[in-house]
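Chain residues, written in single-letter form:
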Amino acid sequence: MNATFQFDSPADALAALLGQVSPVGIEVVPWSDSIGRVLAEPLIADRDSPPCDVSSMDGYAVRLNDLALASLPVAGEIAIGTPPTDLPEASAMRVVTGAAVPRGAEAIIAREDVQETPGRILLRPTQTAPGKYIRRRGENLLTGQPALHRGSVIHAPAVAAMASFGAARVSVHRKVRVGVIVTGDELLPIETTPQAWQIRDANGPALHTLLVACPCVAIQERTHVPDIADRLQAELARILNDCDLVLLTGGVSMGDRDYVPWAVQAAGAHIVFHKLPIRPGKPVLGALGTRGQVILGLPGNPVSILTTACRLAGPVVRCLSGAKRGTDHRAVVTLQNPDGRDLPLWWWRLVRLTDTGTAELLGNRGSGDIVAAACSDGFVEIPPGQSSAGPWPFYRWEI
Ligand code: AMP
Ligand code: MG
């Protein structure tokens, strides 16, 4: 352990925090309300997939022995969505992709591999094999088997599986209730014209943007509190009452009017970390409330807010949402223009993704440079003392 910091890395600090976090409760919702949320029980197949032998080609169902003949009469068609009939001896039957295979058929010959004449097909010497172009009943999954596991995030293919297996309502984790408290005497709302010594609140809208894009989140509250200790304490206590996660911005460092650490303790919360070996965002604070709520005190600079939200609040939201633990970054990228600079800290550096699959490091003037961040796609996490091109974990601006 580092003498200055309680944890050697953001990953260690997160692990310590998440080790004490439990997913939120469960509810049953219609499938359309489950999108982007997390399955709380496995999705069990109510039927075999496919439910009967079906053709994977437009063509003709045949018996293999009959292929020695020069031609076969076409005995009829199995229309899609109709039950299969028997394939008469020494005959072929037309099928389309997805139609049931007639009983007795051993393979499908593709339309393009025969010559079609009225009532007959002329067979070319073609290579075929038993079961060719037949999707066998249950080859994807058998009745009673799990199609999706608990903890799966419900994306479009998962919804397709739910629909296929008739799961019109599913058991999911309820939404994670998140509250946002923006602190600072200097802040005014977006629609105002500040004096030169005042600024518009960028953090509240930035966090709102990250949270609103997350289907497993319900934003309970977003409020601004001036740097007055009692006001902050009262607001934090109130918002903790109906939230699973509270994000505070600003007021978490060592300034005389930085009341967040004090207010967190006054709420009876247990501080898991305060200050991490990261840049930007070093003063960040992580704590657990009396009911297991998570509190993150994010340092006020707008770039720090964004990086700490994506790197730290994102995994917290996923853990609360019931999602299976996986890697938090979604990709690794190699830097196109490493500049040989390093820090004795975990350095979160702004990048823009390029068309060739690499990432371009962006120059910036530090954690207040919202202009550079606004032109970036996200950031890479570079370990202390490292300055190579990577590849490094990449975090998009999302949680
Ligand atoms: P603090 O963490 O409160 O010391 O704030 C650090 C810096 O970030 C100061 O320059 C603040 O003015 C700025 N800052 C804090 N909160 C916000 C906000 N909501 N929007 C934009 N800048 C902020
Ligand atoms: Mg402040």
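So, how was this worked out
Residues numbered from 1 in each chain as written. Chains lettered and ligands numbered in written order. Predicted model: local features only at pLDDT ≥ 70, side-chain atom pairs only at ≥ 80, totals over all residues. Heavy atoms only, no water. Buried < 20%, exposed > 50% of the residue type's maximum accessible area, 1.4 Å probe, protein only. Helix = DSSP H or I, 4+ residues; strand = E, 2+ residues; numbered from the N terminus. Pairing = 2+ DSSP bridges. Salt bridge = Lys/Arg side-chain N within 4 Å of Asp/Glu carboxyl O. Near = heavy atom within 4 Å. Polar contact = N/O pair within 3.5 Å; in protein donor to acceptor, adjacent residues only side chain to side chain. Areas by Shrake-Rupley, 256 points an atom, 1.4 Å probe, with all protein chains shown as cover. Nonpolar A, V, L, I, M, F, W, Y, C, P; charged D, E, K, R; others polar. Axes fitted to C-alpha atoms, helices over the stretch in contact; angles between N-to-C directions. Parallel < 35°, antiparallel > 145°, perpendicular 65-115°, else oblique. Left-handed = near helix turned anticlockwise from the far one by under 90°. Contact = heavy atoms within 4.5 Å. Domains from an automatic or database assignment.

## Details of the pairing of strand 20 (residues 285-288)
The alternating pattern of strand 20 places Leu-285 and Ala-287 on one face and Gly-286 and Leu-288 on the opposite face, and all of these are buried. With four bridges connecting them, strand 18 (residues 270-274) and strand 20 associate as antiparallel partners. Each bridged residue has a counterpart across the sheet, and for Phe-273 the counterpart in strand 20 is Gly-286. Where strand 20 meets strand 21 (residues 294-298), four bridges bridge the pair, whose relative direction is antiparallel. When the sheet's bridge partners are listed, Gly-286 is paired in strand 21 with Leu-296.

## Regarding the pattern of salt bridges
As enumerated under the stated definition, the model contains 13 salt bridges in all. Here Arg-103 makes a salt bridge to Asp-86, at a shortest N to O gap of 2.8 Å. Taken together, the residues Arg-103 in the loop between strand 6 (92-95) and strand 7 (107-110) and Asp-86 in the loop between strand 5 (71-78) and strand 6 connect sequence positions 17 residues apart. Relative accessible area serves as the criterion here: at 47%, Arg-103 is assigned to the partly exposed category. One salt bridge in this structure joins Asp-185 and Arg-257, with 2.9 Å as the shortest N-O distance. Of this pair, Asp-185 sits in the loop between strand 13 (176-183) and strand 14 (187-188) while Arg-257 sits in the loop between strand 17 (245-249) and helix 5 (260-266); the two residues are 72 residues apart in sequence, bridging distant segments of the chain. Among the residues examined, Asp-185 registers a relative accessible area of 41% and is labelled partly exposed. A residue is classified by how much of its surface remains accessible, and Arg-257, at 41% relative accessible area, is partly exposed. The structure contains a network of salt bridges with shared partners spanning Glu-221, Glu-235 and Arg-238.

## A look at the site of ligand 1
Taken together, 13 residues sit near ligand 1, with Glu-186, Asp-201, Ala-202, Gly-251 and Gly-300 positioned nearest. In the model, a nitrogen atom of ligand 1 is placed 2.9 Å from a nitrogen or oxygen of the Ala-202 main chain. One nitrogen or oxygen atom from the main chain of Asn-301 is found 3.2 Å from an oxygen atom belonging to ligand 1. Its free accessible area being 480 Å², ligand 1 has 76% of it covered by the protein chains. Class assignment of the residues belonging to the shell around ligand 1 gives a composition of five nonpolar, five polar and three charged.

## Considering the packing of helix 1 (residues 10-18) against helix 6 (residues 302-320)
The angle between the axes and the distance between the axes are what describe a pair of packed helices. Where helix 1 meets helix 6, the axes come as close as 11 Å, and the angle between the chain directions of the two elements is 30°. Relative to helix 6, the element helix 1 lies roughly parallel. Crossing of helix 1 over helix 6 shows right-handed handedness. Of the residues in helix 6, those touching helix 1 at Pro-10, Ala-11, Leu-14, Leu-17 and Leu-18 are Arg-311, Leu-312, Pro-315, Val-316 and Cys-319.

## Points about the domain arrangement of the protein chain
Looking at the assigned domains, one finds that the protein chain contains domain 1 (10-24 + 175-320), domain 2 (28-48 + 146-172), domain 3 (54-135) and domain 4 (331-396). Here domain 2 and domain 3 have C-alpha centroids that lie 36 Å from each other.

## Quick notes on the sheet that holds strand 13
Strands sit in the order 16-13-17-21-20-18 across an open sheet of six strands; the sheet is mixed. Looking at which strands have only one partner, the edges of the open sheet turn out to be strand 16 (217-225) and strand 18. Within this sheet the neighbouring strands show an average axis-to-axis angle of 15°, counted without direction. Its contacts with the sheet put helix 4 (residues 229-241) on strand 13, strand 16, strand 17 and strand 21, and the angle it makes with strand 16 is roughly 170°.

## A closer look at the sheet that holds strand 8 (residues 114-117)
Taken in spatial order, the six strands make up an open sheet running 7-4-6-5-9-8, and their pairing is mixed. Edge positions in the sheet fall to strand 7 and strand 8, since each of these pairs with one other strand and no more. Each neighbouring strand pair of the sheet contributes to a mean axis angle of 40°, computed without reference to strand direction. By the bridge criterion, four bridges tie strand 8 to strand 9 (residues 120-123) in an arrangement that is antiparallel. The residue bridging Gln-115 from the neighbouring strand is Leu-122, located in strand 9.

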